[in-house]
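# Notes for the structure review
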Amino acid sequence: MANGWARDGAVQEQIDDTVADAVKLARLHLAEGEGSDFCEDCGERIPEARRKALAGSRTCVACQSARDARRRQAGINRRGSKDSQLR
């Protein structure tokens, strides 16, 4: 398939790299070590089901949801624009 200036397989490599970066980022944010009985943010007790499901959890579901909402996605635009490919 013709991809302009890109060699064959370059699009798939971009997709694979993007997925690999997302997996690395997700692993970075996994909790490690001993979990907590009480939420670090609000002080409420963390339900036992959450502590069992997610070892190392230190926040309740509500506080973790708020943290996730504040987290900004920082990624790399691997495609670039056509102008940058032509230069």
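Structural notes, computed from the coordinates. Keep in mind that this is a model prediction, so the values were computed, not measured.

This part is about the overall build of the protein chain. A tally of helices and strands in the protein chain yields four helices and zero strands. Starting at the N terminus, the α and β elements of the protein chain follow one another as α-α-α-α. Per-residue burial over the protein chain gives 11% buried out of 87 residues. Of the roughly 7500 Å² that the protein chain leaves accessible, carbon and sulfur atoms contribute 53%.

Now for the pattern of salt bridges. Under the defined criterion, the tally for this structure stands at four salt bridges. Between R67 and E40 there is a salt bridge whose closest N-O contact spans 3.7 Å. Of this pair, R67 sits in helix α3 (residues 61-70) while E40 is found in the loop between α1 (10-28) and α2 (48-53), placing the two residues 27 residues apart along the sequence. Look at R67 and you get partly exposed, because its relative accessible area is 29%. Close ionic contact of E48 with K52 constitutes a salt bridge, the shortest N to O distance being 3.3 Å. Taken together, the residues span about one helical turn, with E48 and K52 both in helix α2 at a distance of four residues. Salt bridges sharing common partners tie together E40, D41 and R67.

With that settled, the discussion passes to the side chain of S36. Tracing the chain through its elements places S36 in the loop between α1 and α2. Within the structure, the side chain of S36 is placed 2.7 Å from the backbone oxygen of F38, a separation counted as a polar contact. For S36, the contacting residues outside a window of four places in its chain are I46, R51, S57 and R58.

On to the side chain of T59, then. Tracing the backbone through its elements, the reader meets T59 in the loop between α2 and α3. Side-chain polar atoms of T59 contact the side chain of Q64, separated by 2.8 Å. The contacts of T59, once residues within four sequence positions are left out, are C39, D41, I46, R50, Q64 and R67.

Cut-offs used in this document
- Residues numbered from 1 in each chain as written.
- Predicted model: local features only at pLDDT ≥ 70, side-chain atom pairs only at ≥ 80, totals over all residues.
- Heavy atoms only, no water.
- Helix = DSSP H or I, 4+ residues; strand = E, 2+ residues; numbered from the N terminus.
- Buried < 20%, exposed > 50% of the residue type's maximum accessible area, 1.4 Å probe, protein only.
- Areas by Shrake-Rupley, 256 points an atom, 1.4 Å probe, with all protein chains shown as cover.
- Salt bridge = Lys/Arg side-chain N within 4 Å of Asp/Glu carboxyl O.
- Polar contact = N/O pair within 3.5 Å; in protein donor to acceptor, adjacent residues only side chain to side chain.
- Contact = heavy atoms within 4.5 Å.

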